[in-house]
Amino acid sequence: EAVFSLEKQEEYRGRKVYHLSVTAKTLKEFSKIFSGQLLLDSYVDSRHLYPLAFRQKLTASGKEDIDREVTYDQEAGVMSISTIKRQIPVNTQDPLSAIFSFRHMDFDKVKEFQMNINTNQKNYTLNGKAVSRDITVSQKTYTIVMAKADISRRDKNPYHKSNITMVLLREKENIP
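Here the structure is a predicted model, which is why all the values come from computation and not from measurement.

Student: So, the overall build of the protein: which residues are in play, and what are the values?
Tutor: When helices and strands are counted, the protein shows 1 helix and 14 strands. Computed over its C-alpha atoms, the radius of gyration of the protein comes to 18 Å, within 12% of the 16 Å expected for a compact globule of 176 residues. Across its three principal axes, the protein shows a C-alpha extent of roughly 55 × 45 × 40 Å. Looking at the 176 residues of the protein, the share that counts as buried comes to 37%. In the protein, the share of contacts with a sequence separation of at least 24, taken over all contacts with a separation of at least 6, comes to 41%. Of the roughly 11500 Å² of accessible surface on the protein, a fraction of 51% belongs to carbon and sulfur atoms. Between the averaged position of the 28 positive side-chain charges in the protein and that of its 22 negative side-chain charges there is a distance of 3 Å.

See the structure below:
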């Protein structure tokens, strides 16, 4: 079960940011077999809408805890994890800032999209298309967006590919 908190505007290292946060935990029905908890935080520059930092805390039964912080220097094209620095393309996103971008896209204008993603080692690209349509539920019409994308490593490694489909409800912002 995951809970996405509404973004909060605050200061992070002297910059105005949107603080994005997600908590997740194993459903009670499965906790006797496996239990885990996850906390994700992303700090997105409010002017440029790219992440400055991404934090991940993961605990899972039988596994070593993960407590990772990634910082992004978008202007220099560098991300850092502990003492390790990696080159990144301009406007690289983490998973939370990518969802934040989807929530604020104008799908009347955007039919195709591309994002750079990295929170660990290799740079990935997310390429996709969006199609809007109306659906009727209980005699009320809603506009939804079907966003379909392929994710692959920028180095073209053929073994690291996946795809996603996200349905977004069009309201003041797009709701996944």
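Student: Before we move on, could you go through the nonpolar core and cite the residues and values that matter?
Tutor: Residues Phe102, Met105, Phe107, Phe113, Met115, Leu126 and Leu168 are the most contacted members of the largest nonpolar core, which totals 15 residues. Looking at which element gives the most residues to this core, the answer is strand S12 (residues 140-153), with 4 residues. Excluding its chain neighbours within four sequence positions, the residues that come into contact with Phe102 are Phe107, Phe113, Met115, Leu126, Ala147, Met166, Leu168 and Asn174. In this structure, Tyr18, Val44, Val70 and Leu96 belong to the second largest nonpolar core, which totals 13 residues.

Student: Hey, could you go over the side chain of Thr92 for me, with residue numbers and the actual values?
Tutor: On the secondary structure map, Thr92 appears in strand S9 (residues 92-93). What makes Thr92 buried here is its relative accessible area of 0%. When near neighbours in sequence (up to four residues on either side) are disregarded, Thr92 contacts Pro51, Tyr72, Gln74, Asn116, Ile117 and Asn118.

Student: Please give an account of the packing of aromatic side chains that cites residues and values.
Tutor: Applying the stated criterion to the full structure yields 3 aromatic pairs. Ring geometry for Tyr18 against Phe100: centres 5.2 Å apart, planes inclined by 40°, an arrangement best described as tilted. Pair noted here: Tyr18 is in strand S3 (residues 15-25) and Phe100 is in helix H1 (residues 95-104), with a separation of 82 residues, a long-range link. With a relative accessible area of 19%, Tyr18 lands in the buried category. Given the relative accessible area of 4%, Phe100 is considered buried.

Student: Explain the pattern of salt bridges residue by residue, including any values.
Tutor: Within the structure shown, the criterion is met by 9 salt bridges. The salt bridge partner of Arg55 is Glu69, with a shortest N-O separation of 3.4 Å. Placement of Arg55 in strand S5 (residues 51-60) and of Glu69 in strand S6 (residues 66-73) is noted, with a sequence separation of 14 residues between them. For Arg55, a relative accessible area of 28% gives the class partly exposed. For Glu69, a relative accessible area of 30% gives the class partly exposed. Asp106 is paired through a salt bridge with Lys109; the nearest N and O atoms lie 3.9 Å apart.

Student: Report on the sheet that holds strand S13 (residues 161-170), specifying residues and quantitative values.
Tutor: Strand order in the open sheet made by the 6 strands is S9-S10-S11-S12-S13-S14, with mixed pairing throughout. At either margin of the open sheet sits one strand with a lone partner, and together these are S9 and strand S14 (174-175). With 14 bridges connecting them, strand S11 (residues 124-137) and S12 associate as antiparallel partners. Considered in S12, the bridge of Ile135 is made with Tyr142.

Student: Account for unusual backbone geometry, with residues named and values stated.
Tutor: Within the chain, Arg13 stands out as a residue other than glycine whose phi angle is a positive 50°. Within the secondary structure, Arg13 sits in the loop between strand S2 (8-12) and S3. For Gln139, which is not glycine, the phi torsion reads 65° and is therefore positive. Assignment of secondary structure puts Gln139 in the loop between S11 and S12. The class for Gln139 is exposed, based on a relative accessible area of 81%.

What counts, and where the lines are drawn
- Residues numbered from 1 in each chain as written.
- Predicted model: local features only at pLDDT ≥ 70, side-chain atom pairs only at ≥ 80, totals over all residues.
- Heavy atoms only, no water.
- Helix = DSSP H or I, 4+ residues; strand = E, 2+ residues; numbered from the N terminus.
- Rg over C-alpha atoms; globule rule 2.2 N^0.38 Å.
- Buried < 20%, exposed > 50% of the residue type's maximum accessible area, 1.4 Å probe, protein only.
- Contact = heavy atoms within 4.5 Å.
- Areas by Shrake-Rupley, 256 points an atom, 1.4 Å probe, with all protein chains shown as cover.
- Lys, Arg positive; Asp, Glu negative; His and termini not counted.
- Charge placed at Lys NZ, Arg CZ, Asp CG, Glu CD.
- Core = buried A, V, L, I, M, F, W, Y, C linked by side-chain atoms within 4.5 Å.
- Phe/Tyr/Trp six-rings, centres within 6.5 Å; stacked < 30°, edge-to-face > 60°.
- Salt bridge = Lys/Arg side-chain N within 4 Å of Asp/Glu carboxyl O.
- Pairing = 2+ DSSP bridges.

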